[in-house]
Amino acid sequence: MTTDRTTANGISIAFEDKGPRDAPAILLVMGLGGQLTLWPDEFVDALVARGFRTIRYDNRDVGLSTRFDAAGVPNLKWMFVKAALGLPVRSAYRLADMADDGVALLDRLEIDRAHVVGASMGGMIAQHIAASHPGRTLSLTSIMSTTGNRRLPRAKKEAMQVLANRPMSGDPEDMIAYSVRAARVIGSPGYPAEEERLQRRVRGDFERGWYPQGVARQMAAIVADGDRRPMLKAVRAPTLVIHGEADPLVPIAGGRDTAAHIAGARLMTIPGMGHDLPLALVDTLADAIAEHARGAAVAA
């Protein structure tokens, strides 16, 4: 994979641009701590094969994009307490800033409008893009994401435990083993990842740009963002919401709530899918996104 870099929205963004330059563009926005490599190559290739130009990138504070070291590492436990009490939460940047990063990347690539596809936190960012930049959004696809509604069911206990028990030794092998275990816990029970491939992907991401401090600041941005339901009323782009029925990290109620608060949104649920993008579902997901994007283009 060839990773390019550009300056957009005042920061350096690492990205990959794949597919014909004159094809409809799909902007792929990844979730919490996820580098652009978390979009499977097979998924990207499937979208390109269906006639699209794909742009996947490292969000700020992750992978090879700008890191916000000067902001320090937030106290997430205290932040969650404040949020639960309804007190304002501060973060180094906002999800809205991260949405502006994606739009600025489109500017640098001279792409006027794109189909915006986001996974997990990336779905939240994609929601912001669609709400705040309607003229740039051909369609929205929100995958395994949610609205920020605090009344929704929380993550399952085992998912919370594995995320909260990150090893503190700093030993690379400990961190790789932990990351594999976490991927197993939140992944799709109906489509378990092949062990060798999972190990290779985790090790590759670790060597490419492991940066846990950025993950903490991204989490702070999620907590500070609060309830997006009022904002979602402004979304006018044709919207597809995709959610796994076995997601232990963001329960399916989050997908249902997202679809319920975007006018005309269509909800697609997938049995056996958890909080990942299994290879076995690449064609299912690519077909759904391509069909949705083509329908949006016809309606525009």
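Rules used throughout
- Residues numbered from 1 in each chain as written.
- Predicted model: local features only at pLDDT ≥ 70, side-chain atom pairs only at ≥ 80, totals over all residues.
- Heavy atoms only, no water.
- Helix = DSSP H or I, 4+ residues; strand = E, 2+ residues; numbered from the N terminus.
- Rg over C-alpha atoms; globule rule 2.2 N^0.38 Å.
- Contact = heavy atoms within 4.5 Å.
- Areas by Shrake-Rupley, 256 points an atom, 1.4 Å probe, with all protein chains shown as cover.
- Patch = residues over 30% accessible without salt bridge, like charges linked within 9 Å, V, L, I, M, F, W, Y side chains within 5 Å.
- Salt bridge = Lys/Arg side-chain N within 4 Å of Asp/Glu carboxyl O.
- Buried < 20%, exposed > 50% of the residue type's maximum accessible area, 1.4 Å probe, protein only.
- Axes fitted to C-alpha atoms, helices over the stretch in contact; angles between N-to-C directions.
- Parallel < 35°, antiparallel > 145°, perpendicular 65-115°, else oblique.
- Left-handed = near helix turned anticlockwise from the far one by under 90°.
- Nonpolar A, V, L, I, M, F, W, Y, C, P; charged D, E, K, R; others polar.
- Phe/Tyr/Trp six-rings, centres within 6.5 Å; stacked < 30°, edge-to-face > 60°.
- Lys NZ or Arg CZ within 6 Å of the ring centre and 35° of its normal.
- Polar contact = N/O pair within 3.5 Å; in protein donor to acceptor, adjacent residues only side chain to side chain.
- Core = buried A, V, L, I, M, F, W, Y, C linked by side-chain atoms within 4.5 Å.
- Expected span 1.5 Å × (residues − 1).
- Pairing = 2+ DSSP bridges.
- Right-handed = clockwise from strand over helix to strand, strands pointing away.

A. Here's a closer look at the overall build of the chain. When helices and strands are counted, the chain shows 11 helices and eight strands. What you see for the chain is a C-alpha radius of gyration of 18 Å, in line with the 19 Å of a compact globule of 300 residues. Taking the principal axes of the C-alpha coordinates as reference, the chain spans close to 50 × 45 × 40 Å. Considering only residue pairs separated by 6 or more positions, the chain has 78% of its internal contacts joining residues 24 or more positions apart. Carbon and sulfur atoms make up 53% of the accessible area of the chain, which amounts to about 13,300 Å² in all.

B. Representation of a nonpolar patch on the surface within the structure. Taken together, the side chains of Trp 78, Val 81, Leu 85 and Leu 87 define a hydrophobic patch exposed on the protein surface, amounting to about 410 Å² of accessible area. If you trace the backbone, Leu 85 turns up in the loop between helix 2 (76-84) and helix 3 (95-108). For Leu 85, a relative accessible area of 61% gives the class exposed.

C. Fine view of the pattern of salt bridges. In the structure shown here, the tally under the stated rule is 19 salt bridges. A salt bridge links Arg 60 to Asp 101; the nearest nitrogen and oxygen atoms lie 2.6 Å apart. With a gap of 41 residues between them, Arg 60 in the loop between strand 4 (53-57) and helix 2 and Asp 101 in helix 3 connect regions that are remote in the sequence. A single burial state applies to Arg 60 and to Asp 101, both of which are buried. As a salt-bridge pair, Arg 94 and Asp 97 come within 3.2 Å of each other at their nearest N and O atoms.

D. Representation of the packing of helix 6 (residues 172-186) against helix 7 (residues 195-209) in the model. Relative orientation of the contacting elements helix 6 and helix 7 amounts to 130°, with a least axis distance of 10 Å. Classified by the angle between their axes, helix 6 and helix 7 sit oblique to one another. In this structure, helix 6 crosses over helix 7, and the sense of that crossing is right-handed. Contacts from Pro 172, Glu 173, Met 175, Ile 176, Ser 179, Val 180, Ala 183 and Arg 184 of helix 6 reach helix 7 at Glu 195, Leu 198, Gln 199, Arg 201, Val 202, Arg 203 and Phe 206. Tallied by class, the residues present in the contact of helix 6 with helix 7 amount to eight nonpolar, two polar and five charged.

E. Structural context of the packing of aromatic side chains. Under the defined criterion, the tally for this structure stands at three aromatic pairs. One cation-aromatic arrangement involves Arg 67 over Tyr 211; the distance from NZ or CZ to the ring centre is 4.3 Å.

F. Up close: unusual backbone geometry. Of note in the backbone geometry, Glu 110 takes a positive phi value of approximately 60° without being a glycine. Here Glu 110 is to be found in the loop between helix 3 and strand 5 (114-119). Residue Glu 110 is classed as exposed on the basis of its relative accessible area, which comes to 72%.

G. Molecular detail of the side chain of Thr 147. Within the secondary structure, Thr 147 is located in the loop between strand 6 (137-143) and helix 5 (157-164). In terms of polar contacts, Thr 147 uses its side chain to reach the side chain of Asp 257, at 2.6 Å. Those residues in contact with Thr 147, other than ones at most four positions away along the chain, are Leu 152, Gly 226, Asp 227, Arg 228, Arg 229, Leu 232, Gly 254, Asp 257 and Thr 258.

H. Focus on the nonpolar core. Core analysis: the largest hydrophobic core is formed by 35 residues, its most contacted members being Leu 27, Leu 95, Leu 105 and Ile 125. Dropping the residues within four chain positions of it, Leu 27 is found in contact with Ile 55, Tyr 57, Gly 102, Leu 105, Leu 106, Ala 114, His 115, Val 116, Val 117 and Ile 129. By size, the runner-up hydrophobic cluster in this structure holds 27 residues, among which are Trp 39, Leu 47, Ile 289 and Ala 293.

I. Focus on helix 7. In this model helix 7 runs 21 Å from its N-terminal to its C-terminal C-alpha over 15 residues, within 8% of the 21 Å that 1.5 Å per residue would give. Where helix 7 is concerned, the buried positions are Leu 198, Val 202, Asp 205, Phe 206, Arg 208 and Gly 209. Buried residues in helix 7 make contact with helix 6. Structurally, the start of helix 7 carries an N-cap: the backbone nitrogen of Glu 196 is 3.1 Å from a side-chain oxygen of Glu 194.

J. Seen up close, the pairing of strand 3 (residues 25-29). Among the five residues in strand 3, five count as buried, and that is most of the element. Taking every second residue as pointing to the same face, both faces of strand 3 are buried, with Ala 25, Leu 27 and Val 29 on one and Ile 26 and Leu 28 on the other. Relative to strand 4, strand 3 runs parallel, the two being bridged by four bridges. Note that in strand 4 the partner of Leu 27 across the bridge is Ile 55. Running through helix 1 (residues 41-49), the crossover from strand 3 to the neighbouring parallel element strand 4 is right-handed.

K. How the structure looks around the sheet that holds strand 4. Here eight strands make up an open sheet; going across it, the order is 1-2-4-3-5-6-7-8 and the pairing mixed. Each end of this open sheet is capped by a strand with a single partner; those strands are strand 1 (4-8) and strand 8 (266-270). The mean angle between the axes of side-by-side strands here comes to 25°, regardless of whether they run parallel or antiparallel. With six bridges connecting them, strand 5 and strand 6 associate as parallel partners.

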